[in-house]
Amino acid sequence: MNLRRLPLYATIAIFVAAYLLCWLQFPNILSTRVAGNLLTDNAYLGIAAVGMTIVILSGGIDLSVGSVIAFAGVFIAVMLRDTGLHPLAVFALLLILTTAFGAAQGALIHALAMPAFIVTLAGMFLARGIAYLLTLDSIPIDHPFFESLQKAYWLMPGKGRLTLLGVLMLLSVLGGMLLAHRTRFGTNVFAIGGGEGTARMMGVPIGRTTILIYAFSGFMAGLAGIVFAIYTAAGYPLATVGVELNAIAAVVIGGTLLSGGSGTVLGTLFGVLTMGLIQTYIVFDGTLSSWWTKIVIGLLLFLFIVLQKGLLKVGLSRRTA
Amino acid sequence: MLLEARGLLKRFPGTVALDGVGFGLAAGEVHALLGENGAGKSTLIKCLTGAYRRDGGEILLDGQPVDPRSTFEAQELGIGTVYQEVNLLPNLTVAENLTLGRQPRRLGLTSRRGMRALAREMLAGYGLDIDVERDLGAYSVAVQQIVAIARAVHLSGKVLILDEPTASLDAREVAMLFEVVRRLRDRGLGIVFVSHFLDQVFAISDRITVLRNGRHIATTEAATLDRVRLINLMLGRELEQATTHGRTAHDAGAEVLRAEGLGKRGRIAPFDLSVRAGEVIGMAGLLGSGRTETAEVLFGAAAADSGTVRDAKGPLDVSTPARAIASGFGFAPEDRKTDGIIGDLSVRENIALALQAHRGWARPIPRAEQRRLAEDFIRRLDIRTPGPEKPVGQLSGGNQQKVILARWLAMNPRFLILDEPTRGIDVGAHAEVLRLIEEMVAGGMSLLVISSELEELVAVSDRVIVVRDRSHVAELTGQEITTDAIVRAIAAPGANLEAAE
């Protein structure tokens, strides 16, 4: 068996086992209703995490995601309130903005040879600041088109609702999988994550790829912002603080190596779902504090870090054997 | 000539790395490039492959002048390179590594089947039977090297430069690699082979070019060159000018340390070493022969996997540098810029470093004490610095070396290892370092001095140990120590070649 696949299997196994444990205690949890809500409630996080997966596979990090999502919500709300533009036009404008924002971060990272951590940290403050500049309050969105988006769903057997938002996330994951695993760009991302110097020697266009990676993350953050705005029907500059860290956690729990070069987009989906499942369990239980989500996620992160380190050792010893 | 360099010139601040070097490579030959550290081998290769821009001279490929500006451009022109390390990505599959940048696509997506077929086609004729869909990192270094060669040949196809390709291979793997190299030569490629292992050079090369101090020294048919002559070309010695033993004879003291069967697999074969008080042990050998590796296992920089070190009182723990220091060992490494001095810290801080580490960080040395210590050593070793607060990085090479010596002298170790103590320092400082060595020994300290400068070894050593192919092969004492004898000991053909064949 290919050792590289093991973290993905581990992620899926943990998700299935966790679901099974929840089901033993609360049989209702195994229903299309819960499954549908799991997808809807975590749609924005899942979409942002797909972008984050590509970034982390390249050995980078994008801390600006949470701020960009908040900016997106505020931008949409303000544009719909103050201009007569159709929401779709606003969406297009927003996606262009966030993609350009991501591309600019990528360009800086490459041109200045700066750590992604620093550049996107600056981006994080910048995007959050611009969101404050637009408004300090929560602006409700009450556009009829928005309502229809929010209510769009397909009724699954068992009365579960597969919402447009949930579908959008699943499509993002599918798109991310094709991009990462079935394109030259995707292989270049893995190559840079495996070793930038070597990748350069092998002819990988480092600058172009780096810019595209962060542009893609910006695009996905913008898309996550749209989904979040639809989900909450409001724009609020203080929203989604720290979501980038949740996205990073989902990526790592999904079996992607935090130092880059190894991982899958599909694993990230299961990372997001596992985190959502813990939240759902706490809701079902009703007596547990929601801080338990953080504690379990913390433990899972440790588990995966140890698993990755262990695999690395096994891989090395196998080779010399 | 397939590839020809004429009058190549490359300057770095303070040095001329290549001084009008000429080099010619014919199609269908394996041409070895030899020289010690700083001879200009890697600079020459980097100029040929576009990693460096040359400052003068010209490069002709198939008679046409070329000017590669990057390794990628050189590759497009037909010059492929395989380095000792970092060639391919262990986290990608063999097929991905081979096809990176040229993946066959269907409907805009890369085609697994197409990549597999292309990878198999590229590997055909190399005698490898591997699963191209597995991660490259799952295979041995030898297989990785051959995959790297297959990629380079496929992309370039005219000239193949192998830079130390065998450094981390065992004898069987070397034989496997050479089989591939011979096949490529017979297909008409021009192959440049760089290696420290003379046995391998003689086994595979048609012609040999020797560089020294950035100059072209000789190019000869490998068959007509004998080992002693080659080493003389590399080290720049003539047998006639053999130096005699210059060290004033003195009584070696009692044995203070003894290493038995100390070694590390793949680095240095197990060796015994007995160290007497007030003795200088010289260590001679070519680059990569196991000199530095010996020092590293003695000092715990690379923990030994066999053997023991003991003194009169019992076994000593030298498994890490900190423990070795606690046992009274010191080590001034070869590359003082990266392993020795800390350039941004002052002379005072650099000198106090090891002593402070030895005392433990909980007991800081008072600043006044540090200053007194630094001033004392600046005077004793004649370190040319405006004052003890000057950052070491701003001093000359010779003075940096003296600061490192001062650091260890402050510790007063019983056994100090100096790896290339006189490399890159001027003639005046050179003599002073040798004088310091004499002084230290007079004070009862024992030294192990590793050097490529044979005259230097002859001048200072009580005994000279010769290393070749990662094992200790000879020991010369007293009047036996001459440059001539050392060269002969280095040159004696090893048993490794027979094992490889």
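Residues numbered from 1 in each chain as written. Chains lettered and ligands numbered in written order. Predicted model: local features only at pLDDT ≥ 70, side-chain atom pairs only at ≥ 80, totals over all residues. Heavy atoms only, no water.

**Student:** I keep staring at the interface of chain B and chain A and nothing clicks. Help me out?
**Tutor:** Interfaces are often sized by the accessible area lost when the parts come together. Listed as interface residues are 31 residues of chain B and, on the opposing side, 20 residues of chain A. Taken together, both faces of the contact between chain B and chain A bury some 2,200 Å²; the carbon and sulfur share is 52%. On inspection of chain B and its partner chain A, the count reaches 0 salt bridges. At the junction of chain B with chain A, the criterion picks out 6 residue pairs in polar contact (both at pLDDT 80 or more). Of all the elements in the fold, those that place two or more residues in the side of chain B that touches chain A are helix H2 (71–77), helix H3 (94–99), strand S8 (109–110) and helix H5 (141–155) of chain B. (Contact = heavy atoms within 4.5 Å. Buried area = accessible area lost by both parts, 1.4 Å probe. Salt bridge = Lys/Arg side-chain N within 4 Å of Asp/Glu carboxyl O. Polar contact = N/O pair within 3.5 Å; in protein donor to acceptor, adjacent residues only side chain to side chain. Helix = DSSP H or I, 4+ residues; strand = E, 2+ residues; numbered from the N terminus.)

**Student:** Whenever I open this one, the side chain of A:Ser58 confuses me. Can you help?
**Tutor:** Here A:Ser58 is to be found in the loop between helix H3 (43–57) and helix H4 (65–82). Those residues in contact with A:Ser58 that lie beyond four places of it in its chain are A:Val189, A:Ile192, A:Gly193 and A:Ile213.

**Student:** What is the right way to look at unusual backbone geometry in this model?
**Tutor:** Glycine aside, residues mostly have negative phi, and peptide bonds are mostly found in the trans state. Residues and elements named next belong to chain A. In this structure, Lys159 is a non-glycine residue whose phi angle is positive, near 65°. Within the secondary structure, Lys159 sits in the loop between strand S2 (153–155) and strand S3 (161–163). Classification of Lys159 as exposed rests on a relative accessible area of 56%. Positive phi values are uncommon outside glycine, yet Ala233 reaches one of about 55°. The topology assignment puts Ala233 in the loop between helix H11 (206–232) and strand S4 (234–235). Residue classification places Ala233 among the partly exposed residues on the basis of a relative accessible area of 21%. (Buried < 20%, exposed > 50% of the residue type's maximum accessible area, 1.4 Å probe, protein only.)

**Student:** It is not clear to me how the side chain of B:Arg207 should be interpreted in this structure. Could you clarify?
**Tutor:** All names here are of chain B. By the secondary structure assignment, Arg207 is in strand S11 (residues 207–212). Within the structure, Arg207 has its side chain in polar contact with the backbone oxygen of Gly24 (distance 3.1 Å). Setting aside residues up to four positions removed in sequence, Arg207 forms contacts with Met1, Gly24, Leu25, Ala26, Glu29, Val30, His31, Ala32, Thr219, Thr220, Glu221 and Ala222.

**Student:** Before we go on, may I ask you to explain the sheet that holds strand S10 (residues 190–194) of chain B in this structure?
**Tutor:** Remark on secondary structure: sheet strands pair via backbone hydrogen bonds, oriented parallel or antiparallel. All names here are of chain B. Strand order in the open sheet formed by 6 strands is S6-S9-S10-S3-S11-S12, and the pairing between neighbours is mixed. Strands with a single pairing partner mark the edges of an open sheet, and in this sheet they are strand S6 (79–82) and strand S12 (215–221). Sheet twist, expressed as the mean angle between neighbouring strand axes with direction ignored, is 20°. Across 4 bridges, S6 lies against strand S9 (residues 159–163) in parallel orientation. Looking at the pairing, Val82 lines up with Leu162 of S9. Sheet strands in contact with helix H6 (residues 171–186) are strand S3 (30–34), S9 and S10, and its direction is about 150° off that of S10. (Pairing = 2+ DSSP bridges. Axes fitted to C-alpha atoms, helices over the stretch in contact; angles between N-to-C directions.)

**Student:** How do you make sense of the packing of aromatic side chains when you look at a structure like this?
**Tutor:** The relation between two aromatic rings is expressed through the spacing of the ring centres and the mutual angle of the planes. The final tally for this structure, using the stated rule, is 11 aromatic pairs over all chains. Aromatic pair B:Phe329 and B:Phe415: ring centres 5.4 Å apart, planes at 80°, arrangement edge-to-face. Taken together, the residues B:Phe329 in strand S18 (residues 329–332) and B:Phe415 in strand S19 (residues 415–419) connect sequence positions 86 residues apart. The pair B:Phe329 / B:Phe415 is uniform in exposure class, with both members buried. Every member of this aromatic cluster is reached through a ring pair, and the members are A:Phe15, A:Tyr19 and A:Phe270. The ring of A:Tyr153 has A:Arg161 lying over it, and the distance from NZ or CZ to the ring centre is 4.4 Å. The ring of B:Tyr139 carries the charged tip of B:Arg134 above its face, separated from the ring centre by 5.4 Å. (Phe/Tyr/Trp six-rings, centres within 6.5 Å; stacked < 30°, edge-to-face > 60°. Lys NZ or Arg CZ within 6 Å of the ring centre and 35° of its normal.)

**Student:** Help me understand the pairing of strand S4 (residues 56–61) of chain B in this model?
**Tutor:** Every regular strand shows the same layout, with side chains that alternate between the two sheet faces. All names here are of chain B. Sheet topology note: the strand S1 (residues 3–12)/S4 ladder contains 5 bridges and is antiparallel. Note on S4: the bridge partner recorded for Leu3 is Leu61. With 3 bridges connecting them, S4 and strand S5 (residues 64–66) associate as antiparallel partners. Opposite Leu60, over in S5, you have Pro65 as the bridge partner. Two successive antiparallel strands, S4 and S5, enclose a turn made up of 2 residues, where Asp62 displays a positive phi of approximately 55°.

**Student:** So what exactly am I meant to see when it comes to the pattern of salt bridges here?
**Tutor:** Opposite charge on two side chains makes pairing possible when the charged atoms of those side chains draw close. All names here are of chain B. Tallying each qualifying case throughout the model produces 33 salt bridges over all chains. Note that Arg69 and Glu73 form a salt bridge whose closest N and O atoms lie 3.4 Å from each other. The closest approach of N and O atoms between Asp311 and Arg414, which form a salt bridge, is 3.0 Å. On the criterion of sequence distance, the pair formed by Asp311 in strand S16 (residues 306–311) and Arg414 in the loop between helix H14 (397–411) and S19 is long-range, its members being 103 residues apart.

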